[in-house]
Amino acid sequence: PEVEHRVPMLSLQDVRGVEELEEWEKRIRRHLHLPEDRVLTYVCEPKIDGLAMALIYENGKFVRGLTRGDGRRGEDITANLKTIPSIPWQLRLKENPPLLEARGEVYIPRSKFEELNEKLAAEGKPIFANPRNAGSGSVRQKDPKVTASRPLVFSAYALGAYQGVAPKTQSQLLQLLGEAGFRVNPLWRKCNGLD
């Protein structure tokens, strides 16, 4: 079934090249009324090309998992997501907030993708074209046992709806997500200046 997102789940905008990146920073400066000589601090991390997911926790307990869908409504695939080992059923915070919606990507790592395709080929089954299709198809199975048999990983990087937590920066948010029990990309870095 489809469920409405409490907070719209927008897609990321691609930037292709240095000029577009510089224009993006200029728009930020104009929007926030920041002087050109102020050095901005960014949190940078690799973009995982998987399936965008929203995991909803109430009082620390995992209650629902949704795909991005059209950004306003997503598919409820909670039963399948509960089979993914990197998705905690219970948050590991000292005090669990009334509501926390962790957003991130479900994907199959490349090395595991190759192993999966080898296994499927040996069983005479069709193989997947790429890891993204394999991950997307794996979480949309009607039988959660099929999802459980796939090497899926969830990596968190954002919040949707929330109550009772208030990280002020992206680095604080990533730290909070890690403390809550989510896998957070270990390659994120705080960087001063666009260069």
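Preceding block: the structure.
This text gives an overview of the structure that appears in the document. (Residues numbered from 1 in each chain as written. Predicted model: local features only at pLDDT ≥ 70, side-chain atom pairs only at ≥ 80, totals over all residues. Heavy atoms only, no water.)

1. Focus: the overall build of the chain
Working step 1: Of the regular secondary structure elements, the chain holds six helices and eight strands.
Working step 2: Dimensions of the chain, computed from C-alpha atoms along their principal axes, come out at roughly 60 × 40 × 30 Å.
Working step 3: Every one of the 195 residues in the chain was classed for burial, and the buried ones make up 39%.
Working step 4: In the chain, of all internal contacts separated by at least 6 residues, the share reaching a separation of at least 24 is 71%.
Working step 5: Only carbon and sulfur atoms are counted for the fraction: they give 50% of the accessible area of the chain, which is about 12,100 Å².
Working step 6: Side chains of the chain carry 30 positive and 26 negative charges; the gap between the two charge centres is 5 Å. (Helix = DSSP H or I, 4+ residues; strand = E, 2+ residues; numbered from the N terminus. Buried < 20%, exposed > 50% of the residue type's maximum accessible area, 1.4 Å probe, protein only. Contact = heavy atoms within 4.5 Å. Areas by Shrake-Rupley, 256 points an atom, 1.4 Å probe, with all protein chains shown as cover. Lys, Arg positive; Asp, Glu negative; His and termini not counted. Charge placed at Lys NZ, Arg CZ, Asp CG, Glu CD.)

2. With respect to helix α6 (residues 170-180)
Working step 1: Taken as a whole, α6 has its buried residues at Ser171, Leu173, Leu174, Leu176, Leu177 and Ala180.
Working step 2: Looking at the buried positions of α6, the neighbouring elements they touch are β2 (41-44), β6 (99-107), β7 (153-163) and β8 (189-192).
Working step 3: In the segment just after α6, glycine 181 is the residue with positive phi, at about 110 degrees.

3. So, the side chain of arginine 150
Working step 1: Locating arginine 150 in the fold gives a position in the loop between α5 (144-148) and β7.
Working step 2: Put simply, arginine 150 is tucked away with no salt bridge, and the nearest opposite charge, on glutamate 123, sits 7.8 Å away. (Salt bridge = Lys/Arg side-chain N within 4 Å of Asp/Glu carboxyl O.)

4. A short note on the side chain of serine 155
Working step 1: Counting through the fold element by element, serine 155 comes out in strand β7.
Working step 2: A residue is classified by how much of its surface remains accessible, and serine 155, at 3% relative accessible area, is buried.
Working step 3: Look past the residues within four positions of serine 155 in its chain and what remains in contact with it is Gly104, Glu105, Tyr107, Arg183, Val184 and Asn185.

5. Focus on the sheet that holds β6
Working step 1: Read across the open sheet, the four strands follow the order β4-β3-β6-β7; overall the sheet is antiparallel. The open sheet terminates on both sides in strands that have one partner only, identified here as β4 (61-67) and β7. Shown here is a sheet whose adjacent strand axes are inclined to one another by a mean of 25 degrees, direction ignored.
Working step 2: In this sheet, β7 lies alongside β6 in antiparallel orientation, the contact comprising eight bridges. Opposite glutamate 105, over in β7, you have serine 155 as the bridge partner.
Working step 3: The strands touched by α6 are β6 and β7; relative to β7, the strand with the most contacts, the crossing angle is about 110 degrees. (Pairing = 2+ DSSP bridges. Axes fitted to C-alpha atoms, helices over the stretch in contact; angles between N-to-C directions.)

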